[in-house]
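Examination of the molecular architecture
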Amino acid sequence: MRLEQLTFTRFLAAIAIVIFHYGQNVSLFSNEYVAFIFEQANFGVSYFFILSGFVMIIAYYNKPVSFFQFIKKRLSRIYPLYLFAILTVLLINHFRVESYQDLMLNIIMLQTWVPLKALTVNPPGWSLSVELFFYILFPFLFNRFYKTINIKKLALGVIVFWLISQSVFYFIIEDAITIPSLKSKTVLYHPLFHLNEFIIGNLAGLWFIKNHRVYKGAYLKTLIISILIFVLLLKFNDGILYHNGLLALVFTPIIVILSLSKSKLVSFLSKKQFIFLGEISFGIYILQFPVWLLLSDFRMKTYLGLIRGEDDSVLFLIRVMVLMAMSALSFKYFETPIRHYVRNINIKKC
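Owing to the predicted nature of the structure, the values given are computational and were not obtained by experimental measurement. (Residues numbered from 1 in each chain as written. Predicted model: local features only at pLDDT ≥ 70, side-chain atom pairs only at ≥ 80, totals over all residues. Heavy atoms only, no water.)

Some words on the pattern of salt bridges
In the structure shown here, the tally under the stated rule is 4 salt bridges. Residue Arg319 pairs with Asp297 through a salt bridge whose shortest N-O separation is 2.9 Å. Of this pair, Arg319 sits in helix 18 (residues 312-343) while Asp297 sits in helix 17 (residues 297-304), and the two are 22 residues apart along the sequence. On the basis of relative accessibility, which here comes to 6%, the residue Arg319 falls in the buried class. Using a relative accessible area of 32% as the deciding quantity, one classes Asp297 as partly exposed. (Salt bridge = Lys/Arg side-chain N within 4 Å of Asp/Glu carboxyl O. Helix = DSSP H or I, 4+ residues; strand = E, 2+ residues; numbered from the N terminus. Buried < 20%, exposed > 50% of the residue type's maximum accessible area, 1.4 Å probe, protein only.)

A word on the side chain of Gln40
When you line up the elements, Gln40 lands in the loop between helix 3 (35-38) and helix 4 (43-60). Taking the relative accessible area as the measure of exposure, Gln40 reaches 15% and is therefore buried. Leave out the neighbours within four places in its chain, and Gln40 touches Phe20, Leu234, Asn237 and Tyr242. (Contact = heavy atoms within 4.5 Å.)

Re the nonpolar core
Nonpolar side chains in soluble globular proteins generally cluster together in the buried interior. Core analysis: the biggest nonpolar cluster contains 108 residues, and Phe54, Phe138, Tyr146 and Ile286 have the highest contact counts within it. Sort the elements by how many residues they give to this core and helix 4 lands first, with 12 residues. Residues contacting Phe138, with those up to four places away along its chain left out, are Met56, Ile57, Tyr60, Val65, Phe70, Tyr146, Phe198 and Asn202. (Core = buried A, V, L, I, M, F, W, Y, C linked by side-chain atoms within 4.5 Å.)

Considerations on unusual backbone geometry
Phi is positive for His94, close to 55 degrees, though the residue is something other than glycine. The residue His94 is located in the loop between helix 5 (67-92) and helix 6 (100-107) in this model. The phi torsion at Val121 lies on the positive side, around 65 degrees, for a residue other than glycine. Position of Val121 among the secondary structure elements: in the loop between helix 6 and helix 7 (126-146). Judged by its relative accessible area of 22%, Val121 is partly exposed.

Structural data, given as structure tokens:
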């Protein structure tokens, strides 16, 4: 089952994250009407994790989940471009590295497990380190729990885990409790504190699989209300961090409603142009740092005469256009061929 209408939402989340990192000085995003959204747009990573959990259930529910085949397929999707981004950063920096330990941790995708290493080398890569943890767990969760336990019992367990995860996260952030090697800067990126997002997505996917034939309708009003609640939560946020799954309360209904809906909006989002933008969203996300590193303020001033502070909007537009072009070329001529090649390689169980 393919839910093409969800694909474009990946693009929206990826662009929101790029704006969060590099566009907050651009007048289009820093005005009083929308600044509150993009100042908190790292919520896009949380959306990625929840959506990943959801679509993984949709993709594999009626299939046997073999650990080795599953890992091979997932890594064939993310690792080639992930590694390419690291190599690009090294090339731009003339292969100078601050720490070979940092480099090795990034190459083997374990940087989020080591304190203060999550944002080294290629900072957006931290979320792929977290995703790898999800991939390793998913076959076990799927075969041991999702296929054998009643969904009501699963829901209770997932909700309890989500509540505990949120509570411990905020206790650590507020220094109410102390856990060795888990400080406020570390816990933001630690895989264990994002697992709640992934399994919430899994639960939503299981519910959808069992109920999507029962619930019919356009759901446009419900979707608008969910999005409005999301915007209000951002607008009137009084210092709450939405980075580790709290927004599952609105992201999950939005994902489910979009999946259930048969409205004209869903048909519109399922057009091939929007699907393609969603398909290149991984490239937009993982290549953002290399592109901004390549198109540095110094190079843009030297070669194009564009000055930071005076030409922020033009600088951002040029960099985003280059980023999207690189992502599109990468998807078509690098990611897709490599993925097809790797998936055709037979892996025998040891």
